[in-house]
Amino acid sequence: MDPMFRYFLGFQVAADRAGWLARQLPPVSGDLFAGMKPQLYHLTLCTIAETDEPQPFLRAQVAKALDAGLPAASPIPFGRIVSRDGGGAELVTVGRVGGIRHAYNAIVARLAAQGIDPMHRKAGLRPHITLGYGQTEGFAPVPIAWTWAPRDLVLIESHVGHRRHRVLQRWTLASPAQACFDFMADDLPAPLLRAA
């Protein structure tokens, strides 16, 4: 029997960006394709439970795990909308995603300290945003240059098969650390330049 409830941690796309992303999805042919509602767009970091019944105490357990603090937000470079091999459409990353991997590792370590292990991540993290499900006839990749720095980490209860998400808790992330730009190198004292 399939689970009725899925609990996951991730980043929810803000309403203005979600609407913009929905308009970037090309016309998709395929009788079984269904686009997701933009308000459900998110990037999943890890699924932490799949159950037949609601888990009312899970929120407090996750909150306790994250009491020690969260890593700062990290920019995520997205580059194109693609047709998935198994069907559907998703927005995928391009270039380096080391910042989000660092955030993922830090969050998973905090969860592990409370006995919460992520599911389905044996092969590691593959950051993406699902835009639709179901069989498509495929489409050419749509280039999108969007660097996103999520503002919040959210714990979501997903009602499997009903495309309903309920945000159980939200944690605000600190802003990403500002990097040193090359054009500033002349303004930095030598000791600070070597440290950077």
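The residue numbering used here restarts from 1 in each chain and proceeds along that chain's sequence as written. Given that this is a predicted model, residues contribute local features only at a pLDDT of at least 70 and side-chain atom pairs are listed and counted only at 80 or more, while totals for whole chains, interfaces and linings are drawn from all residues. Just so you know, side-chain values use all the structure's heavy atoms and leave hydrogens and water out.

(A) Seen up close, the overall build of the chain. A run of DSSP states H or I qualifies as a helix once it reaches four residues; a run of E qualifies as a strand once it reaches two. Both are numbered from the N-terminal end. Each helix and strand counted, the chain has four helices and nine strands in total. Across the 196 residues in the chain, those meeting the buried criterion constitute 42%. It only takes one pair of heavy atoms within 4.5 Å for two residues to be counted as in contact. Taking as baseline every contact in the chain between residues at least 6 positions apart, the subset at least 24 positions apart corresponds to 79%. All accessible-area figures derive from a Shrake-Rupley calculation using a 1.4 Å probe, and residue coverage is judged against the displayed protein chains alone. Working note: accessible area of the chain is about 11,200 Å², and carbon and sulfur atoms make up 52% of it. Only protein chains enter the accessibility calculation, which uses a 1.4 Å probe. A residue is then buried if its area is under 20% of the maximum for its type, exposed if over 50%, and partly exposed in between.

(B) Inspection of empty space enclosed by the protein at higher detail. Using protein atoms alone on a 1 Å grid, points that fit a 1.4 Å probe yet trap it form a cavity, whereas open point sets bounded by protein on both sides within 12 Å along at least five of seven lines form a pocket; residues with an atom within 4 Å of a point count as lining. Grid points are joined across faces, edges and corners, and a volume is the space filled by probe spheres set on the points. In this structure the tally under the stated criterion is one cavity of 30 Å³ or more. Taken together, Phe11, Pro71, Ala72, Ala73, Ser74, Ile76, Ile100, Ala103, Ile107, Pro150 and Leu173 make up the full set of residues lining the largest cavity. The greatest single-element share of the lining of the largest cavity, amounting to three residues, is contributed by helix α3 (residues 98–112). Each residue is assigned to one of three groups, with Ala, Val, Leu, Ile, Met, Phe, Trp, Tyr, Cys and Pro labelled nonpolar, Asp, Glu, Lys and Arg labelled charged, and all others, Gly among them, labelled polar. Of the residues assigned to the lining of the largest cavity, the class counts are ten nonpolar, one polar and no charged.

(C) Examining the environment of proline 143 more closely. Position of proline 143 among the secondary structure elements: in strand β7 (residues 142–148). Take proline 143: its relative accessible area is 69%, and that puts it in the exposed class. Placed 61 residues apart in sequence, proline 143 and valine 82 show a C-alpha to C-alpha distance of 8.9 Å. Residues in contact with proline 143, not counting those within four places in the same chain, are Gly79 and Arg80.

(D) A look at the side chain of threonine 130. By the element assignment, threonine 130 lies in strand β6 (residues 128–133). Setting aside its immediate chain neighbours within four residues, threonine 130 contacts Met36, Tyr41, His42, Arg84, Ala89 and Glu90.

(E) Focus on the packing of aromatic side chains. The criterion for an aromatic pair is that two Phe, Tyr or Trp rings (for Trp, the six-membered ring) have centres within 6.5 Å, with stacked assigned to planes under 30 degrees apart, edge-to-face to planes over 60 apart and tilted to the rest. Applying the stated criterion across every chain, the model contains five aromatic pairs. Relative to tryptophan 146, the ring of tryptophan 20 lies with its centre 5.9 Å away and its plane at 65°, an arrangement referred to as edge-to-face. Residue tryptophan 20 is located in helix α1 (residues 15–24), and its partner tryptophan 146 is located in strand β7; the two are separated by 126 residues in the primary sequence. The exposure class assigned to tryptophan 146 is buried, which follows from its relative accessible area of 7%. Pairing tryptophan 146 with tryptophan 148 gives two aromatic rings, centres 5.5 Å apart and planes at 20°, and the pair type is stacked. Residues tryptophan 146 and tryptophan 148 agree in their burial class; the two are buried. Through a chain of ring-to-ring contacts, three or more aromatic side chains come together here, namely Phe11, Trp20, Phe78, Trp146 and Trp148.

(F) Representation of the sheet that holds strand β3 (residues 42–51). Taken in spatial order, the four strands make up an open sheet running β3-β1-β8-β9, and their pairing is antiparallel. Edge strands, defined here as strands with exactly one partner in the open sheet, are β3 and β9 (164–172). Here the strands of the sheet are splayed against their neighbours by 25° on average, with no regard to which way each runs. At least two bridges found by DSSP between two strands is the condition for calling them paired. Sheet topology note: the strand β1 (residues 5–12)/β3 ladder contains eight bridges and is antiparallel. Among the inter-strand pairings, leucine 9 is bridged to a residue of β3, identified as cysteine 46. Orientation is described by lines fitted to C-alpha atoms, with helices fitted over the stretch in contact, and by angles between N-to-C directions that extend from 0 to 180 degrees.

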